[in-house]
Each structure stands twice: as structure tokens, then as C-alpha cells.
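Residue strings, one per chain:
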Amino acid sequence: MRELWTVVHRWMGLTVALFLIVAGATGAVISWDHEIDEWLNADLMHTPGRGALQSPLALAAAVQDSDARAEVSYMTLGLEEGHAASFLVRPKVDPATGQAFVLDYNNVFVDPVTAQITGQRDSKSLALSKRNLMPWLRHLHESLHMPAFWGSDRWGFWLMGGVALMWLIDSFVALYLTLPVRAAQRLRTADAGTGRAPRASWWRRWQPAWVVRWRAGGYKLNFDLHRAGGLWVWGIIIVVSFTSFSLNLYREVFYPVMSTISTTTPGPYETLKPAPYGSFITPKISFAQAIEIAQREGERLNFEQSPGGIWYGGDFPFYNVSFFDPSDELGALGMGLSNIYVSAETGEVLGSHRPWHGTAADVFVQLQLPLHSGRILGMPGRIMMSVMGLVVVMLSVTGIVIWERKRRARRRK
């Protein structure tokens, strides 16, 4: 059996290794995406205006007035003096051709005091520049920038979700292979009282797998880094691989399975089917109406935060209004984010997302992104996940080296 699982580990590991190198390296960086992006693009995000803040709707109007080809899909609601409000835009349909206009940007930054546009960028562009570096790395981490084809833009997420599932399974195989062999190769210690050599304890025989022999030479050091390095962070690897799988294959696998084995409270993302890729559902309710409805509902539910942003993608017929503290970036991406969903057709409240509320399964679902990003633990969690990204790269590289050296040895024989 051990030989079989060794082969399974070898080929599963090699299959996912290059993907994990990309995911680990990008994950180590995007743990600090907000700070790095703000440092690289201070001219976009730091604004000179001081004084009374304009309303988000007035800023959105300024964005749309600046380019008749564009309409707002996301707007910042939690405005801060000195920090640009961020707006996402989509192209309108050209009435002359019936086709969408071509825009070279999808993200607009606006001074919340003066309503002056500080800059634009295309956050989905493949061009590497300081403007697009952090969005480019995030898309690479999540979906490898795989383009849409055959009527879907989800191929990259499905691929990375499949890789994460293989990684999760292979992690259990790898743990099994580190366990001590039963009868053979047992360590024995002399018993001075009886003269017999009693069997060493199971833990005593497993201990060498946890040790890195730093001065044992290149091959043994590489092997120890791969084996012991994986053991020391095995629990974190399970969390990262599982949450990567659950986030990428959420609608396709994770949520349906959770709903089958436990009691969940489905929201509109779980109960409604998205429109076909490339189509757009025109809303009958305006942004202003959706904000007002969500604000009233948030007060009724005693949400602690005010609305921080609103999104309408057009693939689902509802607005997603987010409640968070704009000054607390860690909390907003951890368990400090609440949502209210407002029908774009009737204005009805379709549901809400509230951290730590609902069934045990609901809370488990809510924990996936905060656990994956480490932000549930605040700054220490971000540091841990950044280090883990580098560890994943190291484990993948050392695994490839082990395979290559054994392959050359087999060829020589």
C-alpha cells in the first residue's frame, strides 16, 4: 500500500506543483494588496480636497458625466476625506451598432470633496504596470487570467478549485507517508535492567520526520525541507487548500454539498440563476432607491456599520449593499462585512448576510474567505498567510527537485 500511495503522491504533487507555485507566490503578495496598491498609486488614491464630502450619488453622476459611454456598476458609499472614492464602470450599449462600447478602463477614482477624477485604470488588464500590478496579481491568484469561452468566464476558477481539491487530498496522502513503518526499521533502545531491547514508542519513531538536517548535504536537506516543512504547517495547509476549493467551486460543489449534509440559509446568490454570460439585466430600481431600502433594513436589523459600498453586476437581478467600516480594511475583509440584497425589479429585500448569525453551517460558510485570507486573525493572520505562500512555493519546488533526482537515478540504473 505504501508504494501505491507514494506513486499517488508523486503524480498528484507534480500535477499541482506549478499551479501552487503561482498561487503561493501571488498569495504572499496580495495579503498586502491594499497597502501596496496605495503605495504604488498614491496619485490615484490620495486626494487633495479638504472640506465637506459630496454624496456618493453626486460622485457617481460625475463619473458618468465624464464619459457618456460608461455607467457605474459599483460605488463607494463610505467616503473619507483625503482618500479617493472608487467606482467600477461597465460600457453602455452603442445605439448605432447595438454592441457595447469599448472602454480601456473599468475603475475610476474620484476626490470625494471636489468630485474631480484623479485617474482611471483597467483592473482586468493583462498589462503589467504599477497601475495594474495588484489587480493583475489578484486575478492571477484566483483564476490565472483564463479568458471567457464557451459561454462562461468561470474556467479559471474551476481549474484552481480542482487544483485545490487535489492538493487537499494529496496533503492527507503526504501525511500518511511520513508515518513510521510498522514492523521494519523500528528503533530500539537498550534496557539496562533486563538486557532486552524494547520497541521504541510510535512517536519516537515518527520524530525524525519532523527534523531538518541542516548540515546533511543538499539532497537530504531538500528532502527534509519537503517532509518536515510540510508536517510543521500541515494544519494550515488543510485550511488553505480546503478554503481555496470552497471559494472557487462554491456554487458548483461546496454550497450544494453543505446544503445536503446540514441546514443552511440560502440567499439570492444560492437561489437565483445568473443570466447567460455577456447578457445584462436592466434594473428597474435605481441605485438611490436600493441604498435607501438597504439602509432602512440595516437599521431594522441593528447593523453596527453604515453602508460602505453597493454593487450591481447585471448578471443577477439584485443590488448587493455592503455594510462595513471603510477605515477598517482588515475587518471588512474578515468577519466585519455584512450585506443586504435588494431586488432590482421590485425593491424587495431578498435576504442578508450577517457574520456569526444563522445556523452552524451558515457560519461555517461565512468563515471560508476570512480563513483563507487569514484576516479573521487580523494582522497576525495576514503575516501568517503571507509566510505560508512562500512555504507553499518551497514545498512545491523541493517536491519537484526530489522527483527529478529520483528520475535521474532510475535512468542511471
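1. Examining the layout of surface pockets
Move 1: Taken as a whole, the second largest pocket holds about 1200 Å³ of empty space.
Move 2: Along the wall of the second largest pocket there are 42 residues; nearest its centre are His9, Leu177, Phe223, His226 and Arg227.
Move 3: Every element with two or more residues in the lining of the second largest pocket is listed here: helix H1 (2-30), helix H6 (155-178), helix H7 (202-206), helix H8 (218-232), helix H9 (234-248) and helix H16 (379-412).
Move 4: A class-by-class count of the residues in the lining of the second largest pocket yields 25 nonpolar, 10 polar and 7 charged.

2. Section: the packing of aromatic side chains
Move 1: Counted according to the given criterion, the structure contains 25 aromatic pairs.
Move 2: Ring centres of Tyr269 and Tyr341 lie 5.7 Å apart, and the angle between their planes is 90°; on these two criteria the pair is classed as edge-to-face. With a gap of 72 residues between them, Tyr269 in helix H11 (residues 268-271) and Tyr341 in strand E7 (residues 338-343) connect regions that are remote in the sequence.
Move 3: On the basis of relative accessible area, Tyr269 is assigned to the partly exposed category, the value being 26%.
Move 4: Taken together, the aromatic side chains of Phe242, Phe245, Tyr250, Phe254, Tyr255 and Phe364 make up a single cluster linked through ring pairs.
Move 5: In this structure, Arg407 is placed above the aromatic ring of Trp403, and the distance from its NZ or CZ to the ring centre is 5.3 Å.

3. Some details on helix H10 (residues 250-261)
Move 1: Looking at H10, one finds that the buried residues are Phe254, Tyr255 and Met258. Down the axis of H10, the buried side of the element spans an arc of 80°, and every buried residue falls inside it. Within H10, the exposed residues directed more than 90 degrees away from the buried face are Thr260 and Ile261.
Move 2: Next to the buried residues of H10 lie H9, H11, helix H14 (360-366) and helix H15 (368-373).

4. Overview of the side chain of Asn41
Move 1: Position of Asn41 relative to the elements: it lies in the loop between helix H2 (33-40) and helix H3 (42-45).
Move 2: Exposure remark for Asn41: the relative accessible area of 0% places this residue in the buried category.
Move 3: At 2.9 Å, the side chain of Asn41 forms a polar contact with the side chain of Arg131.
Move 4: Non-local contacts of Asn41, meaning those with residues more than four positions away in its chain, are made with Arg121, Lys130 and Arg131.

5. Some points on unusual backbone geometry
What is expected of a backbone is that most residues other than glycine have negative phi and most peptide bonds are trans.
Move 1: A positive phi is found at Ala115, a non-glycine position, where the angle reads about 65°.
Move 2: Along the polypeptide, Ala115 turns up in the loop between strand E3 (107-110) and strand E4 (117-121).
Move 3: A positive phi angle, close to 60°, is found at Leu144, a residue other than glycine.
Move 4: Here Leu144 shows up in the loop between helix H5 (133-143) and H6.

6. Structural notes on a nonpolar patch on the surface
Move 1: Taken together, the side chains of Met1, Leu4, Trp5 and Tyr176 present a nonpolar region at the surface, about 400 Å² in accessible area.
Move 2: Relative to the elements of secondary structure, Trp5 occurs in helix H1.
Move 3: Accessibility expressed as a relative area gives 31% for Trp5, which makes it partly exposed.

Calculation rules
Residue positions are counted from 1 within each chain, in the order its sequence is given. It should be noted that, the model being predicted, local features are given only for residues of pLDDT at least 70 and side-chain atom pairs only at 80 or more, the latter also being counted only at that level, while totals for whole chains, interfaces and linings use all residues. Processing note: side-chain calculations cover all non-hydrogen atoms of the structure and skip hydrogens and water entirely. With a 1 Å grid laid over protein atoms only, a set of points is called a cavity when a 1.4 Å probe fits there but cannot get out and a pocket when it is open yet has protein on both sides within 12 Å along at least five of seven lines; lining residues have an atom within 4 Å of a point. Grid points are joined across faces, edges and corners, and a volume is the space filled by probe spheres set on the points. To qualify as a helix, a DSSP run of H or I must reach at least 4 residues; to qualify as a strand, a run of E must reach at least 2; elements of each kind are numbered from the N terminus. Any residue outside Ala, Val, Leu, Ile, Met, Phe, Trp, Tyr, Cys, Pro, Asp, Glu, Lys and Arg is labelled polar, Gly included; the first ten of those are nonpolar and the last four are charged. Ring geometry is summarised as follows: Phe, Tyr and Trp rings, the Trp one being its six-membered ring, pair when their centres sit within 6.5 Å, and such pairs are stacked at plane angles under 30 degrees, edge-to-face over 60 and tilted between the two. Only protein chains enter the calculation, and the probe is 1.4 Å; a residue is then buried if its accessible area is under 20% of its type maximum, exposed if over 50%, and partly exposed in between. Both a distance and an angle decide whether a charge sits over a ring: NZ of Lys or CZ of Arg must be within 6 Å of the ring centre and within 35 degrees of the ring normal. Directions drawn from the helix axis to the C-beta atoms are what define this arc. Any two residues whose heavy atoms approach within 4.5 Å are treated as being in contact. Here a polar contact is recorded for every N or O atom pair within 3.5 Å, except that within protein the pair must consist of a potential hydrogen donor and a potential acceptor, and residues adjacent in sequence are included only if both atoms are side-chain atoms. Without a salt bridge and with relative accessible area above 30%, a residue can belong to a patch; like charges are then joined within 9 Å and nonpolar side chains (Val, Leu, Ile, Met, Phe, Trp, Tyr) within 5 Å. Shrake-Rupley sampling with a 1.4 Å probe provides the accessible areas, and residues are treated as covered by the protein chains on show and by no other component. Salt bridge criterion: a side-chain nitrogen from Lys or Arg within 4 Å of a carboxyl oxygen from Asp or Glu.

Note that every value here comes from positions in space, so none of it alone points to a role or purpose.
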